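Structure at a glance
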Amino acid sequence: EAGLTPAKWLVMKPGDRAASACASLAYPLVVKVLPSESEHKTELGLVKLRVRTPEEVDAHAADFRARLAKPDAGILVQEMVGDGVEVVLACLRGTDFGPVISIGSGGVAIELYRDVVHLALPVTTEQVVLALKRLKLWTLLAGFRGKPPADVEALAAAAVRFGDQFIAATDVRELEVNPVIVRAKGQGLAAVDALVTVTSGT
């Protein structure tokens, strides 16, 4: 509803085999552990990209369960999203400033560059675009080294709706989508990974 369309996905349960479980997905795939199992999947080597065969999916799933020492863990399998700019969208409640939205360089770059801006909610598309222009991220969004300009209009509109939905979901304390893949202008967005924290007792 916010315009952050998830990549097509499924969760493989113990005993599932990719040849049948992943038959509806288009290869190459991404295989990773669920956010509830590990918040820092990439750093721990618990994400595998460009997986091209069912046999590889099964092998990675078994390896991840062994490394987590959780033989019953669900393993997330997603279709690989094409080229685009990685952005983080995150909302947080309970700060001194009320609910805020954070927007910036996403993926593993979020902790490397700390190229993020924070805005009090609700926001307008104009506020989002002005904030983006203050970031190093803007160079990538505008088209860098021959890359096409990214769909900033779709990103700004999604950020506004994302923030509005967060305000309305009063039991959610934190909501993060990282990364959001911003495709070329006119092609919209894809959500690749998300983490939701609810208020205790709900």
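Here the structure is a predicted model, which means the values were calculated and not measured.

Let us now look at the sheet that holds strand E2 (residues 9-12). As summarised here, the arrangement of the four strands in space is E2-E5-E3-E4, forming an open sheet in which the pairing is antiparallel. Edge positions in the open sheet fall to E2 and strand E4 (47-51), since each of these has one partner strand only. Strand after strand, the sheet turns through a mean of 20 degrees between neighbouring axes, direction not considered. Looking at chain direction, strand E3 (residues 29-33) and E4 are connected through three bridges and run antiparallel. Residue pairing in the sheet places Lys32 in a bridge with Val47 of E4. Running at roughly 15 degrees to E3, helix H2 (residues 54-68) makes contact with E2, E3, E4 and strand E5 (75-79) of the sheet.

This part covers the pairing of strand E8 (residues 116-120). Residues Val117 and Leu119 line the buried face of E8, whereas the alternating positions Val116, His118 and Ala120 sit on a face that is not buried. Where strand E7 (residues 100-105) lies against E8, five bridges are found, and the strand directions are antiparallel. Opposite Val100, over in E8, you have Ala120 as the bridge partner.

Axis separation between helix H4 (residues 125-132) and helix H6 (residues 152-168) bottoms out at 9 Å; the angle between their running directions is 120 degrees. Considering the angle they form, H4 stands oblique to H6. Between H4 and H6 the crossing geometry is right-handed. Taken together, the residues of H6 that come into contact with H4 (itself represented by Thr125, Val128, Val129 and Leu132) are Val152, Leu155, Ala156, Ala157, Ala159 and Val160. When the residues that make up the contact of H4 with H6 are grouped by side-chain class, the tally is nine nonpolar, one polar and no charged.

Criteria and thresholds
Residues numbered from 1 in each chain as written. Predicted model: local features only at pLDDT ≥ 70, side-chain atom pairs only at ≥ 80, totals over all residues. Heavy atoms only, no water. Pairing = 2+ DSSP bridges. Helix = DSSP H or I, 4+ residues; strand = E, 2+ residues; numbered from the N terminus. Axes fitted to C-alpha atoms, helices over the stretch in contact; angles between N-to-C directions. Contact = heavy atoms within 4.5 Å. Buried < 20%, exposed > 50% of the residue type's maximum accessible area, 1.4 Å probe, protein only. Parallel < 35°, antiparallel > 145°, perpendicular 65-115°, else oblique. Left-handed = near helix turned anticlockwise from the far one by under 90°. Nonpolar A, V, L, I, M, F, W, Y, C, P; charged D, E, K, R; others polar.

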